[in-house]
Amino acid sequence: MWLSSKAMLRNLGKSGLRVSCLGLGTWVTFGGQISDEVAERLMTIAYESGVNLFDTAEVYAAGKAEVILGSIIKKKGWRRSSLVITTKLYWGGKAETERGLSRKHIIEEIVRAMTHVINQGMAMYWGT
């Protein structure tokens, strides 16, 4: 391990959430420029080095980056509570109600989905 995970973590405001100083992004890599095996090796190195912050978005590789990230976490058996996963929304699908920051996209879909995810214990925090 390059740095102890304790030394790399910082408080995120007053939320109680501890976030690594460094994160691993999936934008142009996962589902695009690198193989799934390389993505897994990168995530493993980062995680074992104390990184707990992984960034993705619904648009990265048309959603494939999120799928790869999730499958790696599942395969590795990492506790979900040991990870901070950030995502973003914007483009979405082709229909008007599936893209942009429309009321339907945010309120009717995202808020309900995040409420479900938190109620199921799959996430502990949601920031906007």
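Details of the structure are given in the entry above.
Residues numbered from 1 in each chain as written. Predicted model: local features only at pLDDT ≥ 70, side-chain atom pairs only at ≥ 80, totals over all residues. Heavy atoms only, no water.

Observations concerning unusual backbone geometry
Where the residue is not glycine, phi is negative for most of them; where a peptide bond is considered, it is trans in most cases. Within the chain, Ala 61 stands out as a residue other than glycine whose phi angle is a positive 50 degrees. Under the relative-accessibility criterion, Ala 61 is labelled partly exposed at 31%. Residue Ala 62 is not a glycine yet carries a positive backbone phi of 55 degrees. Locating Ala 62 in the fold gives a position in the loop between strand 4 (53-55) and helix 4 (64-76). Since its relative accessible area comes to 76%, Ala 62 is described here as exposed. (Buried < 20%, exposed > 50% of the residue type's maximum accessible area, 1.4 Å probe, protein only. Helix = DSSP H or I, 4+ residues; strand = E, 2+ residues; numbered from the N terminus.)

Brief notes about helix 3 (residues 36-48)
Between its terminal C-alpha atoms helix 3 stretches 18 Å, which fits the 18 Å expected from 13 residues at 1.5 Å a residue. Among all positions in helix 3, only Ala 39, Glu 40, Met 43, Thr 44 and Ala 46 are buried. Down the axis, helix 3 shows its buried residues gathered within 165 degrees of arc, on one side only. What points out from helix 3, more than 90 degrees from its buried face, is the exposed set Glu 37, Arg 41 and Glu 48. Next to the buried residues of helix 3 lie strand 3 (23-25), helix 2 (29-33), strand 4 and helix 4. Where helix 3 terminates, the next one or two residues include Gly 50, which has phi positive at roughly 100 degrees. (Expected span 1.5 Å × (residues − 1). Arc of directions from axis to C-beta. Contact = heavy atoms within 4.5 Å.)

Let's talk about the pattern of salt bridges
Evaluated as defined, the whole model comprises 2 salt bridges. Notably, a salt bridge pairs Glu 40 with Lys 75, separated by 3.0 Å at the nearest N-O pair. Within this pair, whereas Glu 40 is found in helix 3, its partner Lys 75 is found in helix 4, the two being separated by 35 residues in sequence. A network of salt bridges, in which partner residues are shared, links Glu 40, Lys 75 and Lys 76. (Salt bridge = Lys/Arg side-chain N within 4 Å of Asp/Glu carboxyl O.)

With respect to the packing of aromatic side chains
The final tally for this structure, using the stated rule, is 2 aromatic pairs. Plain terms: the ring middles of Trp 27 and Tyr 60 are 6.3 Å apart, the flat faces sit at 35 degrees to each other, and that makes the pair tilted. Of this pair, Trp 27 sits in the loop between strand 3 and helix 2 while Tyr 60 sits in the loop between strand 4 and helix 4; the two residues are 33 residues apart in sequence, bridging distant segments of the chain. Taking the relative accessible area as the measure of exposure, Tyr 60 reaches 10% and is therefore buried. (Phe/Tyr/Trp six-rings, centres within 6.5 Å; stacked < 30°, edge-to-face > 60°.)

Things to note about the nonpolar core
One finds Phe 30, Met 43, Phe 54 and Ile 72 to be the most contacted residues of the largest nonpolar core, which totals 17 residues. If you list the elements that add at least two residues to this core, you get helix 3 and helix 4. When residues no more than four places from it in sequence are discounted, the contact partners of Phe 54 are Leu 24, Met 43, Ala 46, Tyr 47, Leu 69, Leu 83, Val 84, Ile 85 and Thr 86. (Core = buried A, V, L, I, M, F, W, Y, C linked by side-chain atoms within 4.5 Å.)

Some points on the side chain of Thr 44
Position of Thr 44 relative to the elements: it lies in helix 3. Side-chain polar atoms of Thr 44 contact the backbone oxygen of Glu 40, separated by 2.8 Å. Sequence-distant contacts of Thr 44, defined by excluding residues within four places in its chain, comprise Lys 76 and Trp 78. (Polar contact = N/O pair within 3.5 Å; in protein donor to acceptor, adjacent residues only side chain to side chain.)

Structural notes on the sheet that holds strand 3
On the basis of which strands lie adjacent, the open sheet formed by 3 strands has the order 3-4-5 and parallel pairing. Whereas interior strands pair on both sides, the edge strands pair on one side only; in this sheet they are strand 3 and strand 5 (84-86). Pairs of neighbouring strands in the sheet enclose a mean axial angle of 20 degrees, with direction left out of account. Bridge analysis of strand 4 against strand 5 gives 3 bridges, and the strand direction is parallel. From the neighbouring strand, Phe 54 faces strand 5, where its bridge partner is Ile 85. (Pairing = 2+ DSSP bridges. Axes fitted to C-alpha atoms, helices over the stretch in contact; angles between N-to-C directions.)

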